[in-house]
Amino acid sequence: MRLSSRVLGGAVVGLLLSLTSIPSRLSAQQPTEEQVKAILQTRPDLVMQVRQQIASSGLSPDQIRSRLRAAGYGENLLDPYLGPATENAATPGENVLSAVRVLGLSEAAEPAVDTLRNPPGTPRTDLPIAAAPSPIFGADVFRRSGTQFQPSLAGPVDAKYKLGPGDVLVLILTGDVELSHTLEVTREGFIVIPQVGQLFVSGLNLMQVESVLYTRLSRVYSGVRRGEGATTRFQVTVARLRTNQIFVVGDVVRPGSYQISSAGTTLTALYAAGGPSDNGSFRRIEIRRGGKVVDSLDLYDYLLNGNNSHDIRLETGDVVFVPVHATRARISGPVVRPAIYELKAGETLRDLIAASGGFTAEAARRRVQVDRILPPAERQTGGRDRVLLDLAADQFADGVGPSFPLQPGDEVRVFGIAERRRNSVNVRGNVWSEGMVGFTPGMRLGDALRLAGGPKPDVYVGQILVTRLLADSTRIQLHAAFRDSTGALATDLALAEDDDVLVFSRTSFRPARYIAVTGAVKRPGRLRYVDGMTLQDAVLQAEGLSEDALLTEAEIARIPSDRTSGQLATTTRVALDSTYIFDRGPNGEYKGPPGVAGAKSGAPETLLQPYDNVLILRQPDWELQRTVAIAGQVRYPGRYSLRSRTERLTDLIERAGGLSRDAYPLGVEFYRSGDPTVSAQDRTRTGARARVGIDLPRVLEDHAFRDNLILAGGDSIVVPEYNPVIRVVGAVNAPTSVSHVPGQNLDEYVSASGGYSYKADRGRAYVVQPNGKLETVKRRFLLPDSKPKPLAGAIVYVPERDPTLKKDWVAFMGSIAQILVSTVAIIVLAKK
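Here is what the cut-offs are and how they apply
- Residues numbered from 1 in each chain as written.
- Predicted model: local features only at pLDDT ≥ 70, side-chain atom pairs only at ≥ 80, totals over all residues.
- Heavy atoms only, no water.
- Helix = DSSP H or I, 4+ residues; strand = E, 2+ residues; numbered from the N terminus.
- Buried < 20%, exposed > 50% of the residue type's maximum accessible area, 1.4 Å probe, protein only.
- Contact = heavy atoms within 4.5 Å.
- Areas by Shrake-Rupley, 256 points an atom, 1.4 Å probe, with all protein chains shown as cover.
- pLDDT = per-residue confidence, 0-100.
- Salt bridge = Lys/Arg side-chain N within 4 Å of Asp/Glu carboxyl O.
- Core = buried A, V, L, I, M, F, W, Y, C linked by side-chain atoms within 4.5 Å.
- Phe/Tyr/Trp six-rings, centres within 6.5 Å; stacked < 30°, edge-to-face > 60°.
- Expected span 1.5 Å × (residues − 1).
- Polar contact = N/O pair within 3.5 Å; in protein donor to acceptor, adjacent residues only side chain to side chain.
- Pairing = 2+ DSSP bridges.
- Axes fitted to C-alpha atoms, helices over the stretch in contact; angles between N-to-C directions.
- Patch = residues over 30% accessible without salt bridge, like charges linked within 9 Å, V, L, I, M, F, W, Y side chains within 5 Å.
- Lys, Arg positive; Asp, Glu negative; His and termini not counted.

## A short note on the overall build of the protein
Broken down by element type, the protein carries 18 helices and 35 strands. Buried positions account for 38% of the 832 residues belonging to the protein. Intrachain contacts of the protein at a sequence separation of at least 6 include 62% that bridge at least 24 residues. For the protein, the exposed surface amounts to about 45900 Å²; the carbon and sulfur share of it is 52%.

Next up, the structure:
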């Protein structure tokens, strides 16, 4: 059977409100329709959700249009949401929202966060912070954010449920007639059945409604009758429940007015309000109706025993009142549920222990202490307003405790048993199963060792230590020994309770012996030494030789047997052979790089000794290719491998086919790493390169010129095209690029860029020529300064003054005055 429009409406609206995170029945302040519409217009994803709900309802488009038409809306209002999704689908607006309300707008089926007060991504302000569990018993049950204790707005309902205004019923007739009616209970408590009339159903349960329907329907439909002779049958169910407005006040976390389902109970309202606050009572929740207390709920019956017999169903206008708590006492220590409990009048320590679940196995029960704050009438001067009360052990023999009266603020401490174990002996060390073993009278050392699995094969037979604890808590040391490594004892001591037996291992006494492998191996470092270890074993553990290893000999440095002369080590050279090359093809062919020397067989195996230092020598002058790069205006740019260690810049240019027709030799860029042994890849990765200024035109004319450098691996040369521009940067008024004018000096190019700025340090201006060489102003005594003339492609840089270096004019003028005075004095003396 297809769902009714009201069921569809409840599902759709429940989806809308839950997706927009608006609390409905569980909100103390119901959001307005304008607030819902504002959120819908910012959530286009709701379009797909609404469409999916309508598609899954089972209603055809014609059925939806007929219901819209009957409600006074345009029948095409929901057409954009009936077909498949489109990119231009509109967000549900005011008319659509109203139409969905007609199809059964109701509150959401699940409590949700209020995004109007708590926007997404912000902490919730309508819930208490639950960073730590509450010490009050039962508080966390109501304050968990995941609790969803909320009855559904859709049926079914139990037999005791009484109908009221706002409930929606579905009446289905089958047999002689096939009809279905959706019937809403009016404010006056009636339902109106077409062709039958109105029936008063408010306050009736479903069985009573069925009895009334038999009477009224039989007047219209002759086939409706009780028994087997009926030719027309009917069924009435609740399609949607009404909502009740309930007031939760007193000491609760979120007091206020709540819309809850008519099937909701007192616990429903308490879950919605977050439960009693820290000051609220858990033992006496009052339900008031019409100004009178109709029932009282003890939450401990629900929390401890699962008894909800007093959890009555609420009606519109009911008030759930949580008063201030009564006497509270804390119980701590080894009990099942240590917490703060609320006690009713007449309840005692026995009731407190029972509420906490009783003692655990770790409880001593010999001593229970009550820390009490004295009542004001019993307090005396001197600040002693607290008292400790110890209860006798015999009062807890039954496990529940005495009927000792408690007062507000009492703290009951239950003490645990001692950690010390009786009838035990501890066996540790070089045995198979370390730990405690049970002690029996007459037990001997051999018995304890057998219980511990016996000694391991590397046991130290010379000594066993037995530490004994005496009655005065002092300890004495006893000694025993093994006869051999099988575990037979030379002296089988008699043990006592709490003895500690320690068995030693010979392995623990041995020093950590090792050898060191360095040089041309893939993983140099220390290796653990074992007896019979050879040089080839060490090379294998070092992951083999590297490509540059010398296979003729290796050096072993050994600790000398006699150090009286101050000798630190003795070194010997041992032979290597081709068996040390482990990376070979299937036919035994060596697969490494060429140039490996000494690849022959027949070298004797060399035994190593502890602490040997093995050095695998490297082949002289062995290395992989050194590469340099040349780019720009040469005929064959690329990365070239150097043919010798003396290859120069001109040799590389010649191998690259020489300069092209558009080359600008004065602007050559030559870059080199500070460390010539660094690979080109590392230099590129780390950026460890520096530019070297060279005069390429002079080098091309005179190969013996000093700038014809010997190349190193990783060098990079770029020959650019002619660049007729001078860049002026730094502390000038308008940093820019200007055209090159042959013969102009630094100051003229600075003037073309707006002149020096007020921050400029004119005395330190310099020119970076296109070939990378730096030129500065040369000061000359009694002659004009020599200022550099930038070439095409150069950079003029004007640095800023250092603000920390200011000239002290007072001191400067004082120095000048002293010099003048001294000069005058010398002249006067000379004239005399």
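## A closer look at the confidence of the model for the protein
Taken residue by residue, the protein gives an average pLDDT of 81. The fraction at 70 or more is 78%. Taken as a whole, residues 1-40 scores under 50 in pLDDT and shows 125 contacts with residues more than four places along the chain or in a different chain. Contacts of residues 101-131 to residues separated by more than four positions or lying in other chains number 76 contacts, the stretch itself having pLDDT below 50.

## Brief notes about the pattern of salt bridges
Enumeration over the complete set of coordinates arrives at 30 salt bridges. The residue R242 makes a salt bridge to D167 at a minimum N-O spacing of 2.5 Å. On the criterion of sequence distance, the pair formed by R242 in the loop between strand 5 (232-240) and strand 6 (243-250) and D167 in the loop between helix 6 (139-143) and strand 1 (168-175) is long-range, its members being 75 residues apart. The same class applies to R242 and to D167, which are both buried. In this structure, R288 and E286 form a salt bridge, with 2.6 Å as the shortest nitrogen-oxygen distance. In this structure R288 comes out as partly exposed when scored by relative accessible area, which is 32%.

## Comments concerning the nonpolar core
For soluble globular proteins, the rule of thumb is that nonpolar side chains tend to be buried together. Counting 44 residues, the largest nonpolar core has L270, L349 and L352 as the members making the most contacts within it. In terms of residue count, helix 8 (residues 266-272) provides more of this core than any other element does, five residues in total. The residues contacting L349, other than those within four sequence positions of it, are L391, F396, P402, F404, L406 and V412.

## Thoughts on the packing of aromatic side chains
What the rule picks out here adds up to 12 aromatic pairs. Where Y214 meets F234, the ring centres are 4.7 Å apart and the plane angle is 65 degrees; that geometry is what we call edge-to-face. You can see Y214 sitting in helix 7 (residues 206-220) and its partner F234 sitting in strand 5, a full 20 residues away along the chain. In this structure F234 comes out as buried when scored by relative accessible area, which is 14%. For the ring pair Y766 and Y797, a centre distance of 5.4 Å and an interplane angle of 45 degrees mean the geometry is tilted.

## A word on helix 7
Taking 1.5 Å as the rise per residue, helix 7 with 15 residues should run 21 Å; its terminal C-alpha atoms sit 21 Å apart, in good agreement. Taken as a whole, helix 7 has its buried residues at L206, V209, L213 and L217. Contact partners of the buried residues in helix 7: strand 1, strand 3 (190-193), strand 4 (197-200) and strand 5. The opening residue of helix 7 is N205, an N-cap whose side-chain oxygen sits 3.2 Å from the backbone nitrogen of M207.

## Remarks on the sheet that holds strand 35 (residues 795-798)
Strand order in the open sheet formed by five strands is 32-31-35-33-34, with mixed pairing between adjacent strands. Because the sheet does not close on itself, it has two edges, and the strands there are strand 32 (736-739) and strand 34 (774-776). Ignoring strand direction, the axes of neighbouring strands in this sheet form an average angle of 25 degrees.

## A few points about the pairing of strand 30 (residues 716-719)
Pairing of strand 26 (residues 627-632) with strand 30, which is carried by four bridges, proceeds in the parallel orientation. Looking at strand 30, one finds that G632 is bridged to V719.

## With respect to the sheet that holds strand 11 (residues 327-332)
Within the open sheet, the five strands sit side by side as 12-11-15-13-14. Their pairing is mixed. With partners counted over all chains shown, the strands left at the sheet margins are strand 12 (339-343) and strand 14 (386-391), one partner each. When strand polarity is set aside, the average angle formed by the axes of neighbouring strands in this sheet is 25 degrees. Relative to strand 12, strand 11 runs antiparallel, the two being bridged by five bridges. Among the inter-strand pairings, I331 is bridged to a residue of strand 12, identified as A339.

## Things to note about the pairing of strand 6
For a regular strand, the rule is simple: side chains alternate between the two faces of the sheet. Looking at chain direction, strand 6 and strand 7 (residues 256-261) are connected through six bridges and run antiparallel. Residue pairing in the sheet places F247 in a bridge with S257 of strand 7. Connecting strand 6 to the next strand, strand 7, in antiparallel fashion are five residues. Pairing geometry for strand 6 and strand 10 (residues 319-322), over four bridges, is parallel. The residue of strand 10 that forms the bridge with G250 is V322.

## Things to note about a nonpolar patch on the surface
Among the surface-exposed residues, F812, M813, I816, I819 and L820 lie close enough to one another that they form a single nonpolar patch of about 470 Å² accessible area. Following the sequence through the fold, I816 ends up in helix 18 (residues 809-831). Here I816 falls in the partly exposed class, since its relative accessible area comes to 32%.

## Quick look at the side chain of E342
Its location among the elements puts E342 in strand 12. One buried charged residue, E342, remains without a salt bridge, the closest side chain of opposite sign being R328 at 4.9 Å. Here S281 takes part through its side chain, which lies 2.8 Å from a polar atom of the side chain of E342. With near-sequence residues (within four places) excluded, E342 lies in contact with G280, S281, F282, R283, Y300, H325, A326, T327, R328 and E347.

## Some remarks on unusual backbone geometry
Positive phi is not limited to glycine here, since N423 has a value of about 50 degrees. Relative to the helices and strands, N423 resides in the loop between strand 15 (411-416) and strand 16 (424-429). Note on N423: relative accessible area 42%, which makes it partly exposed. Despite not being glycine, E543 has its phi angle at roughly 70 degrees, a positive value. Mapped onto the elements, E543 comes out in the loop between helix 13 (535-541) and strand 23 (549-558). Taking the relative accessible area as the measure of exposure, E543 reaches 47% and is therefore partly exposed.

## Here we look at the environment of T215
Summarising the element assignment, T215 is placed in helix 7. In the structure, T215 is positioned 10 residues away from R225 in sequence and 8.5 Å away in space, judged by C-alpha atoms. Only 3.3 Å separates the side chain of T215 from the backbone oxygen of S211, close enough to count as a polar contact.

## Re the side chain of D371
Tracing the backbone shows D371 in strand 13 (residues 363-373). Take D371: its relative accessible area is 11%, and that puts it in the buried class. A polar side-chain atom of D371 sits 3.1 Å from a polar atom in the side chain of R413. The contacts of D371, once residues within four sequence positions are left out, are R386, V387, L388, G409, D410, E411 and R413.

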